[in-house]
Amino acid sequence: MDPVLALLLLGALVAAATVVGLVWRRTTGRVGRRTLDDTPGTVIRPADVGVDGGFGERGTLLQFSTEFCTFCPATRRLLSGLAERNDGVVHVDVDLTHAPDLAKRYDVLQTPTTLLLDDRGIVRGRIGGPPRPRDLETELARLLGEDRVDA
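What comes next is a walk through the structure. Chains are numbered independently. Their residues run from 1 in the order of the written sequence. pLDDT decides what is reported in this predicted model: residues at 70 or higher carry local features, side-chain atom pairs at 80 or more are listed and counted, and totals for whole chains, interfaces and linings draw on all residues regardless. Only hydrogens and water are set aside when side-chain values are computed; all heavy atoms of the structure are taken into account.

**With respect to the packing of aromatic side chains**
At step 1: Stacked, edge-to-face and tilted labels apply to pairs of Phe, Tyr and Trp rings (six-membered ring for Trp) whose centres lie within 6.5 Å, assigned for plane angles under 30 degrees, over 60, and everything in between, in that order. Inspection of every chain in the model, using the stated rule, returns one aromatic pair.
At step 2: Here the aromatic rings of Phe 64 and Tyr 106 are separated by 5.7 Å at their centres, their planes lie at 20°, and the arrangement is stacked. In this pair, Phe 64 is assigned in strand S2 (residues 59–65) and Tyr 106 in the loop between helix H3 (100–105) and strand S4 (113–118), connecting sequence segments 42 residues apart. Residues Phe 64 and Tyr 106 agree in their burial class; the two are buried. Elements are defined by DSSP. Helices are runs of H or I of four residues or more, strands are runs of E of two residues or more, and each kind is numbered from the N terminus. Each residue is placed in one exposure class: buried if its accessible area under a 1.4 Å probe, protein chains only, is under 20% of its type's maximum, exposed if it is over 50%, and partly exposed if it falls in between.

**Brief notes about the nonpolar core**
At step 1: Core analysis: the biggest nonpolar cluster contains 17 residues, and Ile 44, Val 49, Leu 62, Phe 64 and Val 94 have the highest contact counts within it.
At step 2: Sorting the residues of this core by element identifies S2, strand S3 (89–95), H3 and S4 as the ones contributing at least two each. Here, nonpolar core means buried Ala, Val, Leu, Ile, Met, Phe, Trp, Tyr and Cys residues that are tied together by side-chain atoms lying within 4.5 Å of each other.

**Thoughts on the pattern of salt bridges**
At step 1: Within this document, salt bridges are pairs made up of a side-chain nitrogen of Lys or Arg and a carboxyl oxygen of Asp or Glu, the two lying within 4 Å of each other. In the structure shown here, the tally under the stated rule is five salt bridges.
At step 2: For Asp 118, the salt bridge is made with Arg 120, and the minimal N-O distance between the two is 3.6 Å.
At step 3: For Arg 120, a relative accessible area of 52% puts it in the exposed group.
At step 4: Close ionic contact of Arg 124 with Asp 118 constitutes a salt bridge, the shortest N to O distance being 3.0 Å.
At step 5: The class for Arg 124 is buried, based on a relative accessible area of 15%.

**Remarks on the environment of Met 1**
At step 1: Relative to the assigned elements, Met 1 resides in the segment before helix H1 (3–27).
At step 2: Residue class for Met 1 comes out exposed when judged on its relative accessible area of 76%.
At step 3: We call two residues contacting when some pair of their heavy atoms lies within 4.5 Å. Setting aside chain neighbours within four positions, we find Met 1 in contact with Ala 6 and Leu 9.

**Here's the deal with the side chain of Thr 75**
At step 1: By secondary structure assignment, the location of Thr 75 is in helix H2 (residues 72–85).
At step 2: Ignoring anything within four residues of it in the chain, the contact list for Thr 75 reads Gln 63, Pro 112, Thr 114, Pro 130 and Pro 131.

**Digging into the pairing of S2**
Two faces make up the sheet, and in a regular strand the side chains alternate between them.
At step 1: For S2, the buried fraction is high: seven of the seven residues fall into the buried class.
At step 2: Burial along S2 is two-sided: the face carrying Gly 59, Leu 61, Gln 63 and Ser 65 and the face carrying Thr 60, Leu 62 and Phe 64 are both buried.
At step 3: Across seven bridges, the pairing between S2 and S3 is parallel. Paired with Ser 65 across the bridge in S3 is Asp 95.
At step 4: Since S2 and S3 lie parallel, the crossover through H2 that links them has a hand, and here it is right-handed. In short, DSSP must find at least two bridges between two strands for them to pair. Handedness of a crossover is defined as follows: orient the strands so they point away from the viewer, and if the path from the first strand over the helix to the second runs clockwise, the crossover is right-handed.

Right, dumping it as structure tokens:
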């Protein structure tokens, strides 16, 4: 192979990998909003995900994790703390290690994946990867109808 062509191909490969990495980094951990209009009928009940207790009166932070997930313990602490600071909000952690049917049903491609549910169990937001705390707090405040989030 011609050395110039090889260098051009290598440069193109590095550029493509860089673009893919930047796009992935920009979208991971951000809240993707879901509304009734774009996800009709997407209601999750506690029994749907194998949870014995109920969901929150005002909202639920539903975390999908696995036994070997590196970011899941930190996400669990973040979501639990946020739920404790907001009345009527609960954090529910569902381990998908032995429940691949749930991963397929809720289109979980990475862990942690967090779903923000309103008081009726309707999915209002989705976060793939470790959540960005500021974005998560802002979205939860919006979901709860609050103007601000306590720091």
